[in-house]
Amino acid sequence: MREEHPFGIQLYPAMVREETLPGAREIGNVHGGEFLVMEACDGTISVCDVATGHCSPLNRDRKATEGFLAAFAEYLSSGPAAPAPVVMTAAQAAERLRAFRDGQVRPPVLPAGKELSHRVRLRKLRKRLHAIDRTATGPDSWWRGLIEEAENDLL
């Protein structure tokens, strides 16, 4: 049984390891195998592009990778549910666009619930990621794109 995490990352159970590259073992994949999650003999984790063979450092060890995935899962689950898709006619879409251009469209006020504000969720995420593996949060990090999407409230 393989465990599914956010962002299409799937880690195999800790005991399942496949020797894929010399000195590295496959411990999971991303997007069903488009990328491989690899553990080097020193325990560091990286993500390798199957098509190009390019590898990017992920975390210092598997525990840190699991911690990052858990932190992102908590961030995602503590926010509001994604809005349902809206279907409009061409005339409705044109009217909505006109209202947007005129500054008449306002974000809906969501009813108070158990969801945390984006600011609080982001602060908790940053703090947790930093505590788990500070080096994996830098500008050259594989995680950087996901951190930026969280900062911009796009996740």
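The coordinates are above.
These remarks concern the structure in this document. (Residues numbered from 1 in each chain as written. Predicted model: local features only at pLDDT ≥ 70, side-chain atom pairs only at ≥ 80, totals over all residues. Heavy atoms only, no water.)

## Notes on the state of the cysteines
What we call a disulfide is simply a covalent bond connecting the sulfur atoms of a pair of cysteines. Condition: By disulfide we mean two sulfur atoms from cysteines, separated by a distance within 2.5 Å.
This model, assessed by the stated rule, comprises 1 disulfide. Through a disulfide, Cys48 is tied to Cys55; the S-S separation comes to 2.0 Å. For the disulfide bridge between Cys48 and Cys55, the dihedral angle about the S-S bond is near 110 degrees, and by the sign convention the bridge is right-handed.

## Examining the packing of aromatic side chains
Between two aromatic rings, the relevant description is the distance of the centres plus the angle of the planes. Spelled out, the test is: Side-chain rings of Phe, Tyr and Trp (the six-membered ring for Trp) are treated as a pair once their centres are within 6.5 Å; stacked means planes under 30 degrees apart, edge-to-face means over 60, and tilted covers the remaining angles. Only DSSP runs of H or I covering at least 4 residues are called helices, and only runs of E covering at least 2 are called strands; the numbering of each starts at the N terminus. For each residue, the accessible area found with a 1.4 Å probe, counting protein chains only, is set against the maximum for its type, and the residue is called buried under 20%, exposed over 50%, and partly exposed in between. In this scheme, Lys NZ or Arg CZ marks a charge over a ring once it lies within 6 Å of the ring centre and within 35 degrees of the ring normal.
Under the criterion given, the structure shown has 4 aromatic pairs. Note on Phe7 and Phe72: the rings are 5.2 Å apart at their centroids and 85 degrees apart in plane angle, and the pair reads as edge-to-face. Taken together, the residues Phe7 in the loop between strand E1 (3–4) and strand E2 (9–11) and Phe72 in helix H1 (residues 62–77) connect sequence positions 65 residues apart. A residue is classified by how much of its surface remains accessible, and Phe7, at 22% relative accessible area, is partly exposed. With a centroid separation of 5.7 Å and an interplanar angle of 15 degrees, the aromatic rings of Phe72 and Trp143 are classed as stacked. Placement of the pair is Phe72 in helix H1 and Trp143 in the loop between helix H3 (118–133) and helix H4 (144–151), with a sequence separation of 71 residues. Ring pairing ties together the aromatic residues Phe7, Phe68, Phe72, Trp142 and Trp143, which thus form one cluster. Above the face of the Tyr75 ring, Arg121 is positioned so that its terminal group lies 4.1 Å from the ring centre.

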